[in-house]
Amino acid sequence: MAKKVKKATVETRKQVRLRERERVQIRRIYMGVGLAAALILIVLGIAYYRTNVALPNEKIASVNGSPILVRDYQGRIHYEANQTVSRLAQIRQQLGQLDQSDPSLAQIANFYQNQFSEEQHRLISLPSTTLETMIDDQLAIQEAKRQGLTVTADEVDKEIELQIKQGLGYARPTPTPTEGPSPTVTLSPTITLTPTSTATPTLQPSATATLSQTLTATPTEGPTETPGPTQTPLSPEAYATEVSKLKENVA
């Protein structure tokens, strides 16, 4: 049986033109998509540079020529906001543990509610108060430099230790006042008095005093006060743990 021979398909001019037009349109679509993608990347790159490079290095304020940068302001306000939100959560938790229907706890509940309102107001006003605080800090730094005041790393570590222990309930030691300069003694001229003649007084008889015996009661000793328990010193390991928590919180 003879095999059938397939006839070659011959495209017409119309089909060739359509196929060529289709290829051109697809190429234009790819070019348009590529151009749009490039524009998007450029816009994203500009936004990233603006947000993470240019904007953080811009000045938000200047204090006697010393700039306060946006990145420092952002870091400070983020830290202050986190601290305020943490305090709000603690107050809300304390309020939730109170029985609102108990009249004897009404005063305590009112106290916590006032604290909650104050922290809310502080959170709302953070943008302005944070900038004012940073300006005050910069003024203090400039004045310290002008007076030649410096703080060593050991003094910073000591203050951190005192604040951590104070937060754990340890009493902050009373600082010992330093002695100031001794006052300079100024010698003044001595005035010499010239004696003058005075009349001799006439002695009059005096009354005779009568002695009377007064009985004094002897106090009796009361009960001796029992000293309270001494607080256990903070161990180096526990202190190192608290320092790690502080660094993590600040970070």
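Basis of the calculations
Residues numbered from 1 in each chain as written. Predicted model: local features only at pLDDT ≥ 70, side-chain atom pairs only at ≥ 80, totals over all residues. Heavy atoms only, no water. Helix = DSSP H or I, 4+ residues; strand = E, 2+ residues; numbered from the N terminus. Buried < 20%, exposed > 50% of the residue type's maximum accessible area, 1.4 Å probe, protein only. Contact = heavy atoms within 4.5 Å. Polar contact = N/O pair within 3.5 Å; in protein donor to acceptor, adjacent residues only side chain to side chain. Phe/Tyr/Trp six-rings, centres within 6.5 Å; stacked < 30°, edge-to-face > 60°. Axes fitted to C-alpha atoms, helices over the stretch in contact; angles between N-to-C directions. Parallel < 35°, antiparallel > 145°, perpendicular 65-115°, else oblique. Left-handed = near helix turned anticlockwise from the far one by under 90°. Nonpolar A, V, L, I, M, F, W, Y, C, P; charged D, E, K, R; others polar. Expected span 1.5 Å × (residues − 1). Arc of directions from axis to C-beta. Pairing = 2+ DSSP bridges.

Enquirer: Is there a simple way to explain the environment of S66 in this structure?
Expert: Within the secondary structure layout, S66 lies in strand β2 (residues 66–69). Assessed through its relative accessible area of 23%, S66 is described here as partly exposed. It is 9.5 Å that separates the C-alpha atoms of S66 and L139, two residues lying 73 residues apart in sequence. Beyond its immediate stretch of four places on either side in the chain, S66 contacts A61, Q138 and Q142. Among the polar contacts made by the side chain of S66, one reaches the side chain of Q142 at a distance of 3.2 Å.

Enquirer: How do you make sense of the packing of aromatic side chains when you look at a structure like this?
Expert: Think of a pair of aromatic rings as described by two things: how far the centres are apart, and how the planes are tilted against each other in angle. Summed over the entire model, instances satisfying the criterion amount to one aromatic pair. With 5.7 Å between their ring centres and 55° between their planes, F111 and Y112 make a pair best called tilted.

Enquirer: Got a minute to help me understand unusual backbone geometry in this structure?
Expert: Working note: non-glycine residues mostly have negative phi, and peptide bonds are mostly trans. The phi dihedral of N64 is positive, around 55°, even though this residue is not glycine. With respect to the helices, strands and loops of the structure, N64 is situated in the loop between β1 (59–63) and β2. Judged by relative accessible area, N64 falls into the exposed class, the value being 65%.

Enquirer: For this particular structure, what's the right way to read the packing of helix α2 (residues 70–96) against helix α4 (residues 126–147)?
Expert: Any two packed helices are characterised by the angle at which their axes cross and by the distance between the axes. Closest axis-to-axis distance for the α2/α4 pair is 10 Å, and the angle between their directions is 120°. Classified by the angle their axes make, α2 and α4 are oblique. The hand of the α2/α4 crossing is right-handed. Contacts between α2 and α4 involve D72, Y73, R76, I77, E80, A81 and T84 from the former and L126, P127, T130, L131, T133, M134 and D137 from the latter. The residue inventory of the contact of α2 with α4, partitioned by class, reads seven nonpolar, three polar and four charged.

Enquirer: Sorry, what's going on with α4 here?
Expert: The α-helix winds at 3.6 residues per turn, so residues separated by three or four positions along the chain end up facing the same way. Along its 22 residues, α4 runs 31 Å from first to last C-alpha, staying within 8% of the 32 Å computed at 1.5 Å per residue. What α4 keeps buried is the set L126, T130, M134 and Q138. Across the axial projection of α4, the buried residues extend over an arc of 105°, all falling on one side. Close packing links the buried residues of α4 with β1, β2, α2 and α3 (106–124). Positive phi shows up at G148, right after α4, with a value of about 75°.

Enquirer: Honestly, the pairing of β2 in this entry has me stumped. Any pointers?
Expert: Walk down a regular strand and you will see the side chains alternate between the two sheet faces. Sheet analysis places β1 next to β2, joined by four bridges and oriented antiparallel. Bridging from a neighbouring strand, S62 pairs with P67 of β2. Here β1 hands over to β2 after two residues, with N64 in that stretch at a positive phi of 55°.

Read these as layout, nothing more, since geometry by itself doesn't imply function.
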